[in-house]
Amino acid sequence: PLSPLTITFGPGNATLEPQGQVLTRRMSDLEGLFVDGHAWRQAVVDGDPVVYTVVSSPVPEVPRELPQSITTIYPGDTGGEFWMTKGHQHPDPQGEIYLGLEGRGGLLLFDGERAEWLDMGPGTIGYIPPGWAHRSVNVGDEPYRFLAVYPGSAGHDYGWVLAHGMGLRARRGDATVELVPFGAPAS
Ligand code: PA5
Ligand code: NI
């Protein structure tokens, strides 16, 4: 285990200092996640943009530790579906806390039967109960950024979301976000 330490939000809340691992997810890392596969492929060909980054604190992902990370999702949509994280389930079902830092986002939760949507913004705490898969979405025009705090033993199961979906999808509507059934075709 680490010794007690303070961790500082960096400029624009984009970083944690001291910093651990930095993960960058490009469009090509999100195969099979957007309902419009043609739009996804075109976006990969057209420059393969960075969709989100995850900056972790130095606290390790091991049992009994409480790691944290800041995710930044860039604004955009692919075939009308807002840019989002891959989404995952914790193989060891444990709760997790998100704190909105910047921008406008949403937290999509799915337990295999029920889907829930939580609006997220600066100062919002989103609680993810054990057993709910979770995906974050940027529904605004600026980067959406949040802090996550989770048990070090929770783990990340990405296959669960590929197998079960997330219940809903978040599409760009006329004025606001439009939530549609997961299997609905792109319009
Ligand atoms: O712990 C979390 O739930 C977050 O830090 C996510 O891992 C992060 O937002 C990236 O999402 P994903 O792991 O689904 O790619
Ligand atoms: Ni998680």
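See the structure above.
Bear in mind that the values here come from a model prediction, so they are computed numbers and not experimental data.

### Some thoughts on a nonpolar patch on the surface
No. 1: Together, Ile97, Ile125 and Tyr127 line one region of the surface with nonpolar side chains, adding up to about 320 Å² of accessible area.
No. 2: Locating isoleucine 97 in the fold gives a position in strand β8 (residues 96-102).
No. 3: On the accessibility criterion, isoleucine 97 (40% relative accessible area) is partly exposed.

### Quick look at the pairing of strand β4 (residues 50-56)
No. 1: For β4, the tally of buried residues reaches 6 of 7 residues, placing the bulk of the element in the interior.
No. 2: When strand β3 (residues 22-26) meets β4, the two strands line up antiparallel, connected through 5 bridges. Residue pairing across strands places valine 22 opposite valine 55, the latter belonging to β4.
No. 3: Both β4 and strand β5 (residues 68-73) contribute to a ladder of 5 bridges, which runs antiparallel. Bridge assignment links serine 56 to a residue of β5, and that residue is serine 69.

### Side note on the site of ligand 1
No. 1: Taken together, 17 residues are adjacent to ligand 1, and Tyr52, Thr71, Glu96, Tyr98 and Tyr158 come closest.
No. 2: Here an oxygen atom of ligand 1 and a side-chain polar atom of serine 69 are 3.0 Å apart.
No. 3: Separating an oxygen atom of ligand 1 from a side-chain N or O atom of tyrosine 158 is a distance of 2.6 Å.
No. 4: Here ligand 1 has 380 Å² of accessible area as a free molecule, and 97% of this is covered by the chains.
No. 5: Counting atoms within 2 Å of the grid points, the majority share of ligand 1 lands in the largest pocket.
No. 6: Breaking the shell around ligand 1 down by element, the ones donating at least two residues are β4, β5, β8 and β13 (144-149).
No. 7: Here the residues of the shell around ligand 1 are counted per class, giving 7 nonpolar, 7 polar and 3 charged.

Calculation notes
- For every chain, the first residue of the written sequence is number 1, and numbering continues from 1 onward in sequence order.
- Here every chain gets a letter starting at A, and every ligand a number starting at 1, in the order they are written.
- Residue-level local features of this predicted model are given only where pLDDT is at least 70; pairs of side-chain atoms are given and counted only at 80 or more, and the full residue set underlies all totals for whole chains, interfaces and linings.
- Only hydrogens and water are set aside; all other atoms, that is, all heavy atoms of the structure, feed into the side-chain values.
- What makes a patch is a set of residues exposed beyond 30% relative accessible area and free of salt bridges, joined within 9 Å when like-charged and within 5 Å when nonpolar (Val, Leu, Ile, Met, Phe, Trp, Tyr).
- Here the open area of atoms and residues is found with the Shrake-Rupley method and a 1.4 Å probe, where only the protein chains shown may cover a residue.
- A pair is scored as a salt bridge if a Lys or Arg side-chain nitrogen falls within 4 Å of a carboxyl oxygen belonging to Asp or Glu.
- Only DSSP runs of H or I with at least four residues qualify as helices, and only runs of E with at least two residues qualify as strands; both kinds are numbered from the N terminus onward.
- For every residue, the accessible area obtained with a 1.4 Å probe (protein chains only) is divided by the maximum for its type, and the residue is called buried under 20%, exposed over 50%, and partly exposed between those limits.
- For two strands to be treated as a pair, DSSP must find at least two bridges joining them.
- Consider each residue's heavy atoms; a residue with any of them within 4 Å of a molecule or strand counts as near.
- As used in this structure description, the phrase polar contact means that two N or O atoms lie within 3.5 Å; if the pair is within protein, one of them must be able to donate a hydrogen and the other to accept it, and residues adjacent in sequence are counted only when both atoms belong to side chains.
- We place a 1 Å grid over just the protein atoms. Points where a 1.4 Å probe fits but has no way out form a cavity, open points with protein on both sides within 12 Å along at least 5 of 7 lines form a pocket, and any residue with an atom within 4 Å of a point lines it.
- Criterion for pocket placement: a molecule counts as inside a cavity or pocket if more than half of its atoms are within 2 Å of its grid points.
- Under the scheme applied here, ten amino acids are nonpolar (Ala, Val, Leu, Ile, Met, Phe, Trp, Tyr, Cys and Pro), four are charged (Asp, Glu, Lys and Arg), and all others, including Gly, are polar.

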